[in-house]
Amino acid sequence: MTLAGRIHEIIRARTIVKNFLLEDIKVKYRRSVLGFLWSLLNPLLMLVVISAAFATLFAGTKGQYTLHLLATLLPWTCVSLSIEGGCRSILQSENYIRQYRFPKLIFPMRTILFAFVELLLALVALLPIALFLGMKPGPPLALIPYAILLLLIMLVGLGAMASVAVVYFRDAEHLIGVFMRAWFYLTPILIPFDAIPEKYQKYFALNPMYHMLELFDAPIARGVWPSSTVLLTATVIAAASFVAGLSVFFRVEDDVIFRL
Amino acid sequence: MNPYIRADNISLRFRLYRNRHPNIKETVIHWLRGKSQDNGVTEFWALKDVSLNFPPGDRVGIVGRNGAGKSTLLRVLSGIYRPTSGRVEQEGFLIPLFTVGFGFNGELTGRENILQAGAILGIDRKEMTRRVDSILEFAELEKFADSPVKYYSTGMAMRLAFTTATEVSPDILLLDEVFNGGDAGFQEKALVRMRALIERTKIVIMVSHSMELIEQFCNRAIWIRDGHAAMDGPPKEVIAAYLASISAGHPADNP
């Protein structure tokens with residue numbers, strides 16, 4: 001099928017994605033008294049635990065360190081949910097795929113968009129806490145929607161690629177899990193970029209995720225604009241992941257059903 | 001717009017892998033040792049150069065032995081399988097019903113699942129909302145409409161699935177041995193509903209092992225043998241030839 005044909009099918013299937021998403025949200029928040037509060041308490045408690053543990057290491061910058069954690073941990077959670085959840089998405093949807101013709105991108109999209117719904121809710125809900133911790137709201141915050149958009153574009157590519165990789169190599173799921181854990185520690189989240197010894201900083205700057213998260217970290221934790229290098233790099237990374245991920249995905253999309 | 005569906009010289013090759021899901025670990029090890037991995041691929045052609053044309057008004061029954069390629073043909077026509085060569089052209093709203101009740105979400109209520117199924121089948125949510133009550137009524141589930149489907153009995157879930165699936169009004173309907181289920185009383189109702197669905201659909205293609213059903217519903221029959229369309233014509237003649245071939249023990253008709 002042509003690329004235009006595939007895109008057309010995906011656009012036509014958007015109501016299905018919307019329904020899946022509503023369904024997932026309903027299922028998640030139903031039958032729990034605190035409901036949606038849990039998705040806020042969760043990151044909040046994690047922030048408390050981690051910042052308590054690391055506060056001694058970064059004494060003196062306590063408020064700012066917690067802000068940095070908030071600014072990077074929330075998007076990272078979205079990344080890991082999108083990729084680790086995305087890699088199971090096609091396998092889990094086997095029943096649908098066998099019964100009806102779908103543009104298969106809707107299955108990783110379902111997982112990824114759900115991770116973004118949670119990210120948005122958490123960002124909004126933790127806003128008062130960020131202000132309490134000393135966030136200085138300023139013009140750089142206007143960059144956050146763009147940062148979220150770039151993150152989404154990148155994750156659609158990576159999530160789509162992960163979802164088909166696992167169809168062909170079933171042990172890829174475990175490798176992806178290990179990879180994500182390593183990636184977490186190699187990304188300046190627990191240890192802020194500035195706290196890394198200067199001679200190593202250039203290596204950490206090779207990590208694409210550093211640039212992605214810096215788009216959140218600079219405006220939220222430090223109240224400044226990210227450097228233009230970071231902005232440009234993040235944009236290129238997002239676009240490249242999107243194009244690479246989807247070209248792999250579309251190439252094998254029609255073959256996937258024979259490998260389920 | 002006149003709906004139609006047409007298959008031009010479609011062939012479908014299946015690859016069967018002895019090692020269906022190679023893992024990265026093995027693949028890398030094999031590669032390091034400098035030999036390619038033997039995944040034991042055997043190929044076979046499930047469909048060979050099939051050309052069929054289905055104009056509006058067709059009620060087609062597809063007959064053939066198990067493994068002859070009947071279900072594969074339906075899956076190619078519905079777009080679930082892309083043919084290895086050849087093409088399928090189609091115009092009109094097509095719905096395949098292969099297994100009733102795919103994708104019910106146990107956590108959601110009967111009502112919510114109906115809406116979800118509607119979305120998957122491409123029915124407008126507003127339109128589906130209007131029809132929910134009549135679906136629940138037919139499935140005799142009004143009292144359980146707002147309970148999660150995971151608490152339904154098998155019979156209840158089947159009634160819900162059947163009723164939801166048959167609520168549609170497609171132009172083209174593909175059926176693969178789906179329709180039974182529920183108790184005797186419901187089965188009778190279900191058959192009437194099925195007949196109504198077939199009557200309002202412009203093109204119906206069904207796979208069935210019930211010659212009775214095909215004679216009753218169809219005005220055309222196709223006999224699929226060994227991946228070919230071996231015969232295409234009035235149901236009575238095709239069925240007679242097919243049954244004769246089975247009792248004569250034609251090699252291609254022995255499983």
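Computed from a prediction, not measured in an experiment: that's the story for all the values here.

> Residue-level account of the overall build of chain B, with values.
Along its length, chain B carries eight helices and nine strands. With the C-alpha coordinates of chain B rotated into their principal frame, the extents come out at 65 × 55 × 40 Å. Long-range pairs, those at least 24 residues apart, make up 72% of the contacts in chain B between residues at least 6 apart in sequence.

> Residue-level account of the overall build of chain A, with values.
Secondary structure summary: chain A contains twelve helices and zero strands in total. The secondary structure elements of chain A, listed N-terminal to C-terminal, are α-α-α-α-α-α-α-α-α-α-α-α. Against the globule reference of 18 Å for 260 residues, chain A gives a C-alpha radius of gyration of 19 Å, in line with a compact fold. In chain A, which comprises 260 residues, the share counted as buried stands at 35%. Long-range contacts, defined as pairs at least 24 residues apart, comprise 79% of the intrachain contacts of chain A with a sequence gap of at least 6.

> Can you break down the sheet that holds strand 5 (residues 94–97) of chain B residue by residue, with the values?
All names here are of chain B. Overall, mixed pairing links the six strands, which are arranged 5-6-7-3-8-9 in an open sheet. Edge positions in the sheet fall to strand 5 and strand 9 (228–233), since each has one partner strand and no second. Averaged over all pairs of adjacent strands, the angle between strand axes in this sheet comes to 15 degrees, irrespective of strand direction. Docked against the sheet, helix 2 (residues 70–77) engages strand 3 (59–63), strand 5, strand 6 (172–176), strand 7 (203–207) and strand 8 (220–225), running at close to 150 degrees with respect to strand 7.

> Break down the interface of chain A and chain B for me, with residues and values.
Contact residues are listed per partner, giving 20 residues for chain A and 23 residues for chain B. Taken together, the elements giving at least two residues each to the side of chain A that touches chain B come down to helix 2 (14–29), helix 5 (94–99) and helix 9 (172–186) of chain A. The biggest single contributor to the side of chain A that touches chain B is helix 2 of chain A, with six residues. Across the side of chain A that touches chain B, the residue classes break down as nine nonpolar, four polar and seven charged.

> Tell me about the sheet that holds strand 1 (residues 4–17) of chain B, and please be specific about residues and values.
Residues and elements named next belong to chain B. Sheet architecture is open: three strands sit in the order 2-1-4, paired in antiparallel fashion. Sheet topology places strand 2 (41–54) and strand 4 (85–91) at the edges, where each strand pairs with a single neighbour. Pairwise comparison of adjacent strand axes, ignoring direction, gives a mean angle of 25 degrees for this sheet. Note: strand 1 against strand 2, ten bridges, orientation antiparallel. Opposite Ile5, over in strand 2, you have Phe54 as the bridge partner.

> Go over the packing of helix 2 of chain A against helix 3 (residues 110–120) of chain B with me, naming the residues and quoting the values.
Where helix 2 of chain A contacts helix 3 of chain B, the axes come no closer than 8 Å and their chain directions differ by 155 degrees. Here helix 3 of chain B runs roughly antiparallel to helix 2 of chain A, going by the angle between their axes. For helix 2 of chain A against helix 3 of chain B, the interelement crossing comes out left-handed. Where helix 2 of chain A abuts helix 3 of chain B, its residues A:Thr15, A:Ile16, A:Asn19 and A:Glu23 lie against B:Gln116, B:Ala119 and B:Ile120. Residues of the contact of helix 2 of chain A with helix 3 of chain B, tallied by class, amount to three nonpolar, three polar and one charged.

> Outline the pairing of strand 8 of chain B, supporting the account with residue identities and numerical values.
Residues and elements named next belong to chain B. Two elements, strand 3 and strand 8, share four bridges in a ladder whose sense is parallel. Paired with Val63 across the strands is Trp223, a residue of strand 8. Note that strand 8 and strand 9 share five bridges and pair antiparallel. Residue pairing for strand 9: Ala221 is matched across the bridge by Gly233. Hairpin remark: strand 8 followed by strand 9, antiparallel, with two residues in the connecting loop; positive phi at Asp226, about 55 degrees.

> Account for the pairing of strand 7 of chain B, naming residues and giving values.
Residues and elements named next belong to chain B. Burial within strand 7 is extensive, with five of its five residues counted as buried. Of the two faces of strand 7, the one holding Ile203, Ile205 and Val207 and the one holding Val204 and Met206 are both buried throughout. Both strand 3 and strand 7 contribute to a ladder of four bridges, which runs parallel. Opposite Gly61, over in strand 7, you have Met206 as the bridge partner. Here strand 6 pairs with strand 7 via five bridges, running parallel. The residue of strand 7 that forms the bridge with Leu175 is Met206.

> If you had to explain the nonpolar core to someone new, which residues and values would you point to?
Core analysis: the biggest nonpolar cluster contains 68 residues, and B:Ile62, B:Ile205 and B:Ala221 have the highest contact counts within it. Counting residues domain by domain, this core receives three or more from each of domain 1 (4–30 + 38–93 + 208–253) and domain 2 (105–169) of chain B. B:Ala221 has contacts with B:Val60, B:Gly61, B:Val63, B:Ile214, B:Gly233, B:Pro235, B:Val238 and B:Ile239, leaving out every residue within four places of it along the chain. A:Tyr65, A:Ile90, A:Val166 and A:Tyr210 belong to the second-largest nonpolar core, a separate cluster that totals 55 residues.

> Outline the packing of helix 11 (residues 208–222) of chain A against helix 12 (residues 228–252) of chain A, supporting the account with residue identities and numerical values.
Residues and elements named next belong to chain A. Two numbers describe how helix 11 lies on helix 12: the axes approach to 9 Å, and their chain directions differ by 115 degrees. Read as a crossing pair, helix 11 and helix 12 show a hand that is left-handed. For the pair formed by helix 11 and helix 12, the contact residues are Pro208, His211, Met212, Glu214 and Leu215 on the first element and Val230, Thr233, Ala234 and Ile237 on the second. Split by residue class, the contact of helix 11 with helix 12 holds six nonpolar, two polar and one charged.

> Tell me what's going on with the domain arrangement of chain B, and back it up with residues and numbers.
Parsing chain B into structural domains produces domain 1 (4–30 + 38–93 + 208–253) and domain 2 (105–169). Just the C-alpha atoms count here: the centres of domain 1 of chain B and domain 2 of chain B sit 31 Å apart.

> Which residues make up helix 4 (residues 125–138) of chain B, and what values go with them?
All names here are of chain B. Compared with the 20 Å implied by 1.5 Å per residue over 14 residues, the 20 Å span of helix 4 between its first and last C-alpha is a close match. If you look at helix 4, its biggest bend is around 40 degrees, right at Arg131. Restricting attention to buried positions, one finds in helix 4 the residues Met128, Ile135 and Leu136. Among the structural elements, helix 3 and helix 5 (154–165) are those in contact with the buried residues of helix 4. After helix 4 finishes, the residue Glu140 shows a positive phi value of roughly 60 degrees.

Cut-off values and rules
Residues numbered from 1 in each chain as written. Chains lettered and ligands numbered in written order. Predicted model: local features only at pLDDT ≥ 70, side-chain atom pairs only at ≥ 80, totals over all residues. Helix = DSSP H or I, 4+ residues; strand = E, 2+ residues; numbered from the N terminus. Contact = placed C-beta atoms within 7 Å. Rg over C-alpha atoms; globule rule 2.2 N^0.38 Å. Buried ≥ 20, exposed ≤ 12 C-beta atoms within 10 Å, placed from the backbone. Pairing = 2+ DSSP bridges. Axes fitted to C-alpha atoms, helices over the stretch in contact; angles between N-to-C directions. Nonpolar A, V, L, I, M, F, W, Y, C, P; charged D, E, K, R; others polar. Parallel < 35°, antiparallel > 145°, perpendicular 65-115°, else oblique. Left-handed = near helix turned anticlockwise from the far one by under 90°. Core = buried A, V, L, I, M, F, W, Y, C linked by C-beta atoms within 7 Å. Domains from an automatic or database assignment. Expected span 1.5 Å × (residues − 1). Bend = angle between axes of the 7 residues up to and from the residue.

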